[in-house]
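Geometric and topological summary
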Amino acid sequence: EAEVAQSPRYKITEKSQAVAFWCDPISGHATLYWYRQILGQGPELLVQFQDESVVDDSQLPKDRFSAERLKGVDSTLKIQPAELGDSAMYLCASSAPGFVYFGPGTRLTVL
Amino acid sequence: GENVEQHPSTLSVQEGDSAVIKCTYSDSASNYFPWYKQELGKRPQLIIDIRSNVGEKKDQRIAVTLNKTAKHFSLHITETQPEDSAVYFCAGGGAAGNKLTFGGGTRVLVKP
């Protein structure tokens, strides 16, 4: 069964450092999402791509976060510089008509 | 944009009893309402969903109801089992690629 792939699964970094997360969606899924899930809360959308184009990044803190999906397939989310409040699970998801599938997530801890 | 509220935030039930989680949404254009189950440290897993053209959907011990007029939908778990213990999230949005807005989650504990 096809799944959304993410790496790394865990990342520990110090504040002010740069971090990057990678996501490979299910083959053929044109829509890709990055969500952030703070412990005890629901996932919050950071950015949505349709192929290589950004559809919604209204909740993305653009002063430190960036996301790209250059060839419309895999995607990278970057944080520079990381802050203590960025500690969370970063979930990538992709969708086929009517269904959204989540990857295993990257748990980020900022010290 | 869409706003989804979920209640209760925690729910403790005795094994074999039913559990009900309720969500409300704000955007009348939303037409897709999935429910996800998330176990500790794992990804959200889709357990059931409903679209705005139906009022109820059932899958074994799980059912979801939708009231478009009142803009609320509910998850019903019957004959609860300890393995049903998890955090459940409702979400609302458009179909086919539109973003989902999630509720705050309900932590369900099924006591044996």
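Residues numbered from 1 in each chain as written. Chains lettered and ligands numbered in written order. Predicted model: local features only at pLDDT ≥ 70, side-chain atom pairs only at ≥ 80, totals over all residues. Heavy atoms only, no water.

Next up on the list: the pairing of strand 8 (residues 75-79) of chain A. All names here are of chain A. Side chains of strand 8 alternate between two faces, with Ser 75, Leu 77 and Ile 79 buried and Thr 76 and Lys 78 left unburied. In this sheet, strand 8 lies alongside strand 7 (residues 65-68) in antiparallel orientation, the contact comprising four bridges. Across the sheet, residue Ala 67 finds its bridge partner in strand 8, namely Leu 77. Hairpin connection of strand 7 to strand 8: six residues between the antiparallel strands, including Gly 72 at a positive phi of 75°. (Buried < 20%, exposed > 50% of the residue type's maximum accessible area, 1.4 Å probe, protein only. Helix = DSSP H or I, 4+ residues; strand = E, 2+ residues; numbered from the N terminus. Pairing = 2+ DSSP bridges.)

This part takes up the side chain of Ser 74 of chain B. By secondary structure assignment, the location of Ser 74 of chain B is in strand 8 (residues 72-77). Taking the relative accessible area as the measure of exposure, Ser 74 of chain B reaches 7% and is therefore buried.

A few words now on the pattern of salt bridges. Where side chains of opposite charge bring their charged atoms close, a pairing between them can arise. Residue and element names in this part refer to chain A. What the rule picks out here adds up to eleven salt bridges over all chains. Among the salt bridges present, the one from Asp 86 reaches Arg 64, with a minimum N-O distance of 2.6 Å. Here the residue Asp 86 occupies a position in the loop between strand 8 and strand 9 (88-96), and Arg 64 occupies one in the loop between strand 6 (53-56) and strand 7, the gap between them amounting to 22 residues. With relative accessibility at 2%, the residue Asp 86 sits in the buried group. (Salt bridge = Lys/Arg side-chain N within 4 Å of Asp/Glu carboxyl O.)

Every contact between the two is made by 23 residues of chain A and, on the other side, 18 residues of chain B. Between chain A and chain B the total buried area reaches about 1600 Å² when both faces are included, carbon and sulfur atoms providing 52% of it. Where chain A meets chain B, there are two salt bridges. Asp 56 of chain A is the salt-bridge partner of Lys 99 of chain B, the closest N and O atoms lying 2.9 Å from each other. Scanning the region where chain A abuts chain B turns up five residue pairs in polar contact (both at pLDDT 80 or more). Of all elements in the fold, only strand 4 (31-37), strand 5 (44-50), strand 9 and strand 10 (99-102) of chain A reach the threshold of two or more residues within the side of chain A that touches chain B. Broken down by element, the residue count for the side of chain A that touches chain B peaks at four residues, all from strand 4 of chain A. Its residues placed into classes, the side of chain A that touches chain B shows twelve nonpolar, nine polar and two charged. (Contact = heavy atoms within 4.5 Å. Buried area = accessible area lost by both parts, 1.4 Å probe. Polar contact = N/O pair within 3.5 Å; in protein donor to acceptor, adjacent residues only side chain to side chain. Nonpolar A, V, L, I, M, F, W, Y, C, P; charged D, E, K, R; others polar.)

Right, let's talk about the sheet that holds strand 1 (residues 4-7) of chain B for a bit. Residue and element names in this part refer to chain B. Read from one edge of the open sheet, five strands run 1-3-8-7-6, paired in antiparallel fashion. Each edge of the sheet is formed by a strand with only one pairing partner; in this case those strands are strand 1 and strand 6 (56-59). When strand polarity is set aside, the average angle formed by the axes of neighbouring strands in this sheet is 15°. The pairing of strand 6 with strand 7 (residues 62-67) spans four bridges and is antiparallel. Residue pairing across strands places Asp 59 opposite Ile 62, the latter belonging to strand 7. (Axes fitted to C-alpha atoms, helices over the stretch in contact; angles between N-to-C directions.)

Looking now at unusual backbone geometry. Residues and elements named next belong to chain A. Residue Pro 8 is reached from Ser 7 by a cis peptide bond, and omega for that bond is -10°. Relative to the elements of secondary structure, Pro 8 occurs in the loop between strand 1 (5-7) and strand 2 (10-13). In this structure, the amide linkage connecting Gln 80 to the following residue, Pro 81, adopts the cis form with an omega of -5°. Along the chain, the position of Pro 81 falls in the loop between strand 8 and strand 9.

Summed over all chains, the structure comprises twelve aromatic pairs over all chains. Ring geometry for Tyr 33 of chain A against Tyr 35 of chain A: centres 6.0 Å apart, planes inclined by 35°, an arrangement best described as tilted. Here Tyr 33 of chain A matches Tyr 35 of chain A in class, with each residue buried. Where Trp 35 of chain B meets Phe 73 of chain B, the ring centres are 5.6 Å apart and the plane angle is 70°; that geometry is what we call edge-to-face. With Trp 35 of chain B in strand 4 (residues 32-38) and Phe 73 of chain B in strand 8, the pair connects residues that are 38 residues apart, well separated along the chain. This pair shows no difference in class: Trp 35 of chain B is buried, exactly as Phe 73 of chain B is. A network of ring pairs unites the aromatic residues Tyr 33, Tyr 35 and Phe 102 of chain A together with Tyr 36 and Phe 102 of chain B as a single cluster. (Phe/Tyr/Trp six-rings, centres within 6.5 Å; stacked < 30°, edge-to-face > 60°.)

So yeah, pure geometry; function would need other evidence.
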